Amino acid sequence: MICPRCDSDKIKVMVKSPVGDEWEVYVCEKCWFSWRSTETINVLPKFRLDDEKIRNMQMIPPIPPLGK
Ligand SMILES: [Zn+2]
C-alpha cells in the first residue's frame, strides 16, 4: 500500500473499527495524511505532496530575518 498523497510506503494502521473488521484507518508516517480503508482516495494533483513540498511545509512559519 502507498500513500495516496505522497506515494510513501510508510503506512501504518491508526485505528480499526470498534466492531468487526469493517474498516481500518491508515496514516502515512511521512505526510500524516490519513484515510479510511473503505474510501476511494483520489488526491487532486495540486494537493499531492513530494519530498520538496514536505520540506517546504516544515519552513512554516517562516523564521523572521535577524536584525535590520
Ligand atoms: Zn503521505
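Located above this text is the structure these notes cover.
So, how was this worked out
- Residues numbered from 1 in each chain as written.
- Predicted model: local features only at pLDDT ≥ 70, side-chain atom pairs only at ≥ 80, totals over all residues.
- Heavy atoms only, no water.
- Phe/Tyr/Trp six-rings, centres within 6.5 Å; stacked < 30°, edge-to-face > 60°.
- Buried < 20%, exposed > 50% of the residue type's maximum accessible area, 1.4 Å probe, protein only.
- Lys NZ or Arg CZ within 6 Å of the ring centre and 35° of its normal.
- Pairing = 2+ DSSP bridges.
- Helix = DSSP H or I, 4+ residues; strand = E, 2+ residues; numbered from the N terminus.
- Axes fitted to C-alpha atoms, helices over the stretch in contact; angles between N-to-C directions.

Undergrad: For the packing of aromatic side chains, give the residues involved together with the corresponding values.
TA: Per the counting criterion, the structure on display carries 2 aromatic pairs. Where Tyr 26 meets Trp 35, the ring centres are 5.8 Å apart and the plane angle is 55°; that geometry is what we call tilted. Look at Tyr 26 and you get buried, because its relative accessible area is 13%. Assessed through its relative accessible area of 7%, Trp 35 is described here as buried. Three or more aromatic residues link up through ring pairs in this structure, and these residues are Tyr 26, Phe 33 and Trp 35. A cation sits over an aromatic face here: Arg 36 above Trp 23, 4.0 Å from the ring centre.

Undergrad: Outline the sheet that holds strand β3 (residues 34-36), supporting the account with residue identities and numerical values.
TA: Judged by pairing direction, the sheet is antiparallel, and its 3 strands sit side by side in the order β1-β2-β3 without closing on themselves. If you trace the sheet from one side to the other, it starts and ends with β1 (11-16) and β3, each paired once. Strand-to-strand twist in this sheet, taken as the mean axis angle between neighbours without regard to direction, amounts to 30°. Here β1 pairs with strand β2 (residues 24-28) via 5 bridges, running antiparallel. By the bridge assignment for β2, Lys 16 is matched with Glu 24.

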